[in-house]
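Remarks on the overall topology
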Amino acid sequence: MATDDDRVAELAGDEGDLDPIERAQLEELRVLLADPAVWAEPDPELEDIVVSAIAAEAGTSRAPRNVVPLARKNRRPWLYALAGAAAAAIIALVAVVAFRDTGSTAEQFTIVLQSGRAEFTRTDSGWRIYLEDADLPRLDNGRFYEAWLRKGDVLVPVGTFNEGQQVTLWAGVSPKDYTTFTVTREAADGNQASSGDRVLSGTITP
């Protein structure tokens, strides 16, 4: 049977993706759950206060369904009430990290190139461009590839790289306006303009 320490460890979960503020909030929950006073038998009259507090934390008119029966049936309602609140808080922290990282509702475009594909994802920082499986041999010794977005005669550089298997680029202009994506071979010769030696190209269709 799981001990109280086991439950605390389970609630703590994997915090590898949390930022410092979120990690500090999680540590506060750990301290709370580790306090022996938390697990003591409360006055029965406190049950409604605990359940109401959990409901307020969840932003609902009543506590989660799994908390109320446990709080009324078991001899230690504080254990389940606080465990439920802590678990909800930890899940909320992880959900914030997951949404921040994945951008699950973000606008996206994908184009197929002569080899590989390029996926454009809108973020708060700009458009993330993921170039995958482009059959481009490695360039070194001052030679490299450079990616561009073009609108008419205007070229905007969006990043440089050495080979094209898994490349992340960033654009500060929208692919809905700059709809042509190209990759050229370049050399570190002090000339910031495109060499015109194009190796990949594709057109974005919004």
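Preceding this paragraph is the structure being described.
Below: a short report on this structure.

Broken down by element type, the chain carries five helices and eight strands. Each helix (α) and strand (β) of the chain, taken in turn from the N terminus, gives the series α-α-α-α-α-β-β-β-β-β-β-β-β. Burial analysis of the chain (206 residues in total) assigns 35% to the buried set. In the chain, the share of contacts with a sequence separation of at least 24, taken over all contacts with a separation of at least 6, comes to 55%. With an accessible surface of roughly 12,700 Å², the chain has 51% of that area assigned to carbon and sulfur atoms.

Glancing now at the nonpolar core. With 27 residues, the main nonpolar core has Phe120, Leu149, Phe161, Phe181 and Val183 as its most contacted residues. Those elements that provide at least two residues to this core are strand S1 (108-112), strand S2 (117-123), strand S3 (126-132), strand S4 (143-151), strand S5 (154-161), strand S6 (166-171), strand S7 (180-187) and strand S8 (198-203). Those residues within four positions of phenylalanine 161 in sequence are excluded, and the remaining contacts are Leu131, Leu136, Phe144, Tyr145, Ala147, Val167, Leu169 and Val183.

Scanning the entire structure with this criterion turns up three aromatic pairs. Aromatic side chains phenylalanine 109 and tryptophan 127 sit 5.7 Å apart centroid to centroid with 20° between the ring planes, which places their arrangement in the stacked category. Taken together, the positions of phenylalanine 109 in strand S1 and tryptophan 127 in strand S3 put the pair 18 residues apart, joining distant regions of the chain. Across the pair, tryptophan 127 and phenylalanine 109 agree in class, each one buried. Ring plane angle 25° and centroid distance 5.5 Å describe the contact between tyrosine 145 and phenylalanine 161, whose orientation is recorded as stacked. Note that tyrosine 145 is positioned in strand S4 and phenylalanine 161 in strand S5, a separation of 16 residues in sequence. Across from the ring centre of tyrosine 178, 5.7 Å away, lies the NZ or CZ of lysine 151, which sits over that ring.

What counts, and where the lines are drawn
- Every residue gets a number counted from 1 within its own chain, in the order that chain's sequence is written.
- Note on the predicted model: pLDDT of at least 70 is required for a residue's local features to be given, and 80 or more for side-chain atom pairs to be given and counted; whole-chain, interface and lining totals, by contrast, use all residues.
- With hydrogens and water stripped out, all remaining heavy atoms of the structure feed into the side-chain values.
- Only DSSP runs of H or I covering at least 4 residues are called helices, and only runs of E covering at least 2 are called strands; the numbering of each starts at the N terminus.
- Accessible area is worked out with a 1.4 Å probe on protein chains only. A residue is then buried under 20% of its type maximum, exposed over 50%, and partly exposed in between.
- Contacts between residues were defined by any pair of non-hydrogen atoms, one from each residue, lying within 4.5 Å.
- Here the accessible surface of atoms and residues is derived via Shrake-Rupley with a 1.4 Å probe, and residues count as covered only by protein chains that are part of the display.
- What we call a nonpolar core is a set of buried Ala, Val, Leu, Ile, Met, Phe, Trp, Tyr and Cys residues that are connected through their side-chain atoms within 4.5 Å.
- Side-chain rings of Phe, Tyr and Trp, where Trp is taken by its six-membered ring, are said to pair if the distance between their centres is within 6.5 Å; with planes under 30 degrees apart they count as stacked, over 60 as edge-to-face, and otherwise as tilted.
- Any Lys NZ or Arg CZ that is within 6 Å of a ring centre and within 35 degrees of that ring's normal is treated as a charge sitting over the ring.

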